[in-house]
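As a plain string of letters, each chain reads:
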Amino acid sequence: FLNIGVLGLQGAVEEHIKKIQELGYHGTIIKKPDQLDQIDGLILPGGESTTLRKLMDSYGFFQPLLEFSANKKPIFGTCAGMVLLAKKLEGSEEAYLKLMDIRVKRNAFGRQRESFEVTLPIQGFTSDFPAVFIRAPYIESVGNQVEVLSTYKGHIVAAKQEQILVTAFHPELTEDPRFFQLFIQMIKK
Ligand code: GLN
């Protein structure tokens, strides 16, 4: 039986667990690096990436997460989770896990648009997806291993590279399960 972990240090943790359970899978809140051995895929939720990376460092998650990824276990980063996976960040801030060849701009939609919802066409989906953005980042550029799944106003907001999936928006805050289904397919492969 598939067991999907959600990093449970800060942010939108319960919402992801609920989605996983609604689809009939086991969801585990991950609070310690040794729990990574029990799971088949990991979600890095939204929250505040600066806080998250400090907590991940103090709980010793950095190296174990690199190993998790090197073992080809799928990772799904939403919003702040996408920021943490990026190889490069815009501005002077150093990137963190650097597992995905994307350059990310944090809080990219500006103060005017703290949060908003739009329906977006997604590569591989047969109809538009309701995307909820909250102080969201976007992807400024991608390496050639990266598959762009969606753009909004010319900015990349969903992408995939091998076993890593990212969205700038929050699929756990909508009824539509398709991003979770996509991630589960990636795990089953
Ligand atoms: N602005 C946050 C950050 O850059 C992300 C916001 C979110 O995850 N909803 O860390």
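Fair warning: this is a prediction, and the values are worked out from it, not measured in the lab.

## Examining the UniProt feature "binding site: L-glutamine" (unreviewed entry) in the protein chain
- As annotated by UniProt and renumbered to match this structure, "binding site: L-glutamine" (unreviewed entry) occupies Gly47, Glu48, Ser49, Arg106, Ile134 and Arg135. Over a stretch of 89 residues, the named residues converge on one spot in the fold, their C-alpha atoms separated by at most 12.8 Å.
- With respect to the helices and strands, Ser49 occurs in helix H2 (residues 49-58).
- Tracing the backbone through its elements, the reader meets Arg106 in the loop between strand E6 (100-105) and strand E7 (115-120).

## A few points about the site of the ligand
- In the vicinity of the ligand, the residues found are Gly46, Gly47, Glu48, Ser49, Cys79, Ala80, Val83, Arg106, Asn107, Ile134, Arg135 and Pro137.
- Along the lines of polarity and charge, the residues of the shell around the ligand split into five nonpolar, four polar and three charged.

## Concerning the UniProt feature "active site" (unreviewed entry) in the protein chain
- Following the UniProt record, one finds the feature "active site" (unreviewed entry) at Cys79, His170 and Glu172. A compact arrangement is adopted by the annotated residues: their sequence extent is 94 residues, whereas the largest C-alpha distance between any two is 11.1 Å.
- Within the fold, His170 resides in the loop between strand E12 (164-167) and helix H5 (178-188).
- Assessed through the 22 C-beta atoms surrounding it within 10 Å, His170 is described here as buried.
- Those residues in contact with His170 that lie beyond four places of it in its chain are Ala12, Gly46, Thr78, Cys79, Val132 and Ile134.
- The residue Glu172 is located in the loop between E12 and H5 in this model.

## Quick word on H5
- The set of residues buried in H5 consists of Phe179, Phe180, Phe183 and Ile184. Looking straight down H5, one finds that the buried residues subtend no more than 140° of arc, so they occupy a single side. Every exposed residue of H5 that faces more than 90 degrees away from the buried side is listed here: Gln185 and Lys188.
- At its buried positions, H5 is contacted by helix H1 (13-22), strand E3 (41-44), strand E4 (75-78) and E12.

Calculation criteria
Residues numbered from 1 in each chain as written. Predicted model: local features only at pLDDT ≥ 70, side-chain atom pairs only at ≥ 80, totals over all residues. UniProt positions renumbered as here; feature names shortened; annotations may be inferred. Helix = DSSP H or I, 4+ residues; strand = E, 2+ residues; numbered from the N terminus. Near = placed C-beta within 6 Å. Nonpolar A, V, L, I, M, F, W, Y, C, P; charged D, E, K, R; others polar. Buried ≥ 20, exposed ≤ 12 C-beta atoms within 10 Å, placed from the backbone. Contact = placed C-beta atoms within 7 Å. Arc of directions from axis to C-beta.

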